[in-house]
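This is what each chain is made of:
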Amino acid sequence: MDDVTRILAVRHGETAWNVDSRLQGQTDISLNAVGQEQARRLAEALAGEDLDAIVCSDLVRARDTAQAVADRTGLALNTDAGLRERHFGIFQGHTYAEVERLWPEESARWRRREPDFGAEGGETLQGFYDRCVATASRLAEAHPGRTLLLVTHGGVLDCLYRAASRVELNAPRTWELANTGVNRLLYTPQGFTLVGWGDTQHLNDDAALDEL
């Protein structure tokens, strides 16, 4: 169908802050050595996907992940700030344990996934969800009948999963958000549909990654 956009949505490669369970939000953190290798493997895995366009978050960890695919496929790389991770305000730069210790009440509201809660200086969950879905919809609508790669962040992918699966925003997450995992959706004017989630076959040689 000419109005269907095929979407491959991918989380950026690993960073040191991922390893430390430290909230990155919109802090611009680079890929670590494992993340760079994950990006290289992702590029090889997607080489045969017949992609038409690549759009990524403008944060460096997503941009560098997407650049590996762009270099492998010869496609231009486009950035969109609408694909950025949620802004976590004063939580950014802190580990989950630190957030719970420093701001226990706010941490509890965040962990309960209250849609109207946002850490001081950050986005509410509802506002973040609305931004993510609107951005992905806009990009999909600009590529009808084509295959679009979106390289973004875990929080953004969580929102897209919920939109495609009709899962409530405050429901606990039971699905994985793996670094460079490949997630497949379709978009039509009626919205998103989930096709496949969490393909990490290109990372199967975990022992080699652990040595980096």
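Read on for a plain summary of the structure. Throughout this description, residue numbers start from 1 for each chain and increase along the sequence as written. Per-residue local features of the predicted model are confined to residues with pLDDT of at least 70, and side-chain atom pairs are confined, for both listing and counting, to 80 or more; whole-chain, interface and lining totals are unaffected and use all residues. Values reported for side chains reflect all heavy atoms of the structure, with hydrogen atoms and water molecules removed beforehand.

1. Side note on the side chain of Asp-80
The test is simple: Helix and strand labels come from DSSP, where a helix needs a run of H or I of at least four residues and a strand needs a run of E of at least two; each type is numbered from the N terminus. Here a polar contact means two N or O atoms within 3.5 Å. Within protein one must be a hydrogen donor candidate and the other an acceptor candidate, and residues neighboring in sequence count only if both atoms are side-chain atoms. Every residue pair with non-hydrogen atoms within 4.5 Å of one another is taken to be in contact.
Relative to the elements of secondary structure, Asp-80 occurs in the loop between strand S3 (77–79) and helix H4 (96–102). At 2.8 Å, the side chain of Asp-80 forms a polar contact with the backbone nitrogen of Gly-82. Apart from the residues within four sequence positions on either side, Asp-80 is in contact with Val-55, Cys-56, Ser-57, Asp-58, Thr-135, Arg-138 and Leu-139.

2. Section: the sheet that holds S3
Short version of the rule: DSSP calls a pair of strands paired once it identifies at least 2 bridges connecting them. Geometry is summarised by axes, namely lines fitted to C-alpha atoms with helices restricted to the contacting stretch, and by angles between N-to-C directions that run from 0 to 180 degrees.
Here we have six strands laid out as an open sheet, ordered S3-S2-S4-S1-S5-S6, and mixed in their pairing. Looking at strand neighbours, the two that pair on one side only are S3 and strand S6 (191–199), the edges of this open sheet. For this sheet the average axis-to-axis angle between neighbouring strands, irrespective of direction, equals 25°. Packed on one face of the sheet, helix H6 (residues 125–141) meets strand S1 (5–11), strand S2 (53–56), strand S4 (147–152), strand S5 (182–188) and S6 and runs near 150° to S4.

3. Considering the side chain of Glu-14
The line we're drawing: Burial classification: accessible surface area is computed with a 1.4 Å probe over protein chains only, and a residue below 20% of its type maximum counts as buried, one above 50% as exposed, and the rest as partly exposed. We score Asp and Glu as negative and Lys and Arg as positive, and we do not count His or the chain ends. Salt bridges, as used here, are contacts in which a Lys or Arg side-chain nitrogen is within 4 Å of a carboxyl oxygen on Asp or Glu.
With respect to the helices, strands and loops of the structure, Glu-14 is situated in the loop between S1 and helix H1 (16–19). Of the side chains with opposite charge, Arg-11 lies nearest to the buried Glu-14, which makes no salt bridge, at 8.5 Å. At 2.8 Å, the side chain of Glu-14 forms a polar contact with the side chain of Asn-32. Other than its neighbours up to four places away in sequence, Glu-14 contacts Val-19, Leu-31, Asn-32, Val-34, Gly-35, Gln-38 and Asn-179.

4. A few points about the environment of Gly-48
Structurally, Gly-48 can be placed in the loop between helix H2 (33–46) and S2. Sequence-wise, Gly-48 and Thr-73 are 25 residues apart; in three dimensions their C-alpha atoms are separated by 8.7 Å.

5. Some points on the environment of His-87
In this structure, His-87 sits in the loop between S3 and H4. Assessed through its relative accessible area of 25%, His-87 is described here as partly exposed. A C-alpha to C-alpha distance of 20 Å links His-87 and Thr-65, two positions 22 residues apart in sequence. With sequence-adjacent residues up to four places away left out, His-87 is seen in contact with Gln-26, Gln-92, Gly-121, Gly-122 and Glu-123. Polar contacts involving the side chain of His-87 include one to the main-chain amide nitrogen of Gly-89, which spans 2.9 Å.

6. Here's the deal with the nonpolar core
Threshold: Residue types Ala, Val, Leu, Ile, Met, Phe, Trp, Tyr and Cys, when buried and joined through side-chain atoms within 4.5 Å, form a set referred to as a nonpolar core.
Of all hydrophobic cores here, the largest spans 28 residues; its most connected members are Ile-7, Leu-150 and Phe-192. Listing elements by their share of this core, those giving two or more residues are S1, S2, H6, S4, helix H7 (154–165) and S5. In terms of residue count, the dominant contributor to this core is H6 (eight residues). Here Leu-150 is in contact with Ile-7, Leu-8, Ala-9, Val-10, Val-55, Leu-83, Ala-136 and Leu-139, once residues within four sequence places are set aside. Counting 15 residues, the second-largest nonpolar core is a separate cluster that includes Ile-54, Cys-56, Ala-62 and Ala-70.

7. Observations concerning H2
Here is the rule: Every helix has an expected span of 1.5 Å times one less than the residues it contains.
Across its 14 residues, H2 extends 20 Å between first and last C-alpha, which sits within 8% of the 20 Å expected from 1.5 Å per residue. The N-terminus of H2 is capped by Asn-32, whose side-chain oxygen sits 3.2 Å from the backbone nitrogen of Val-34.

8. As for the layout of surface pockets
For clarity, the cut-off: Both site types are read off a 1 Å grid over the protein atoms alone. A 1.4 Å probe that fits but cannot get out defines a cavity, while an open set with protein on both sides within 12 Å along at least five of seven lines defines a pocket; lining residues have an atom within 4 Å of a point. Grid points are joined across faces, edges and corners, and a volume is the space filled by probe spheres set on the points. Residues are grouped as follows: nonpolar covers Ala, Val, Leu, Ile, Met, Phe, Trp, Tyr, Cys and Pro; charged covers Asp, Glu, Lys and Arg; every other residue, Gly included, is treated as polar.
Volume-wise, the largest pocket comes out at about 780 Å³. Forming the boundary of the largest pocket are 28 residues, of which Phe-88, Tyr-96, Gly-155, Arg-173 and Leu-177 lie nearest the centre. If you list the elements that add at least two residues to the lining of the largest pocket, you get H1, helix H5 (104–111), H6 and H7. Considering every element that reaches the lining of the largest pocket, the biggest residue donor is H7, with four residues. In terms of residue class, the lining of the largest pocket is made up of 10 nonpolar, eight polar and 10 charged.

9. Some remarks on the packing of aromatic side chains
What counts here: Classification of ring pairs rests on two measures: the distance between centres of Phe, Tyr or Trp rings, Trp counted by its six-membered ring, which must be within 6.5 Å, and the angle between planes, read as stacked under 30 degrees, edge-to-face over 60 and tilted in between.
Under the definition given, this model contains eight aromatic pairs. Ring centres of Phe-91 and Trp-103 lie 5.4 Å apart, and the angle between their planes is 35°; this geometry places the pair in the tilted category. Of the two residues, Phe-91 sits in the loop between S3 and H4 while Trp-103 sits in the loop between H4 and H5, which places them 12 residues apart along the sequence. According to the relative accessible area criterion, Trp-103 is buried, its value standing at 18%. Between Phe-91 and Phe-117, the ring centres sit 6.4 Å apart and the planes meet at 40°, which makes this aromatic pair tilted. Taken together, the residues span a long stretch of sequence, with Phe-91 in the loop between S3 and H4 and Phe-117 in the loop between H5 and H6 at a distance of 26 residues. Per residue, the accessibility class of Phe-91 equals that of Phe-117, and both read buried.

Distances and angles like these do not, on their own, reveal function.
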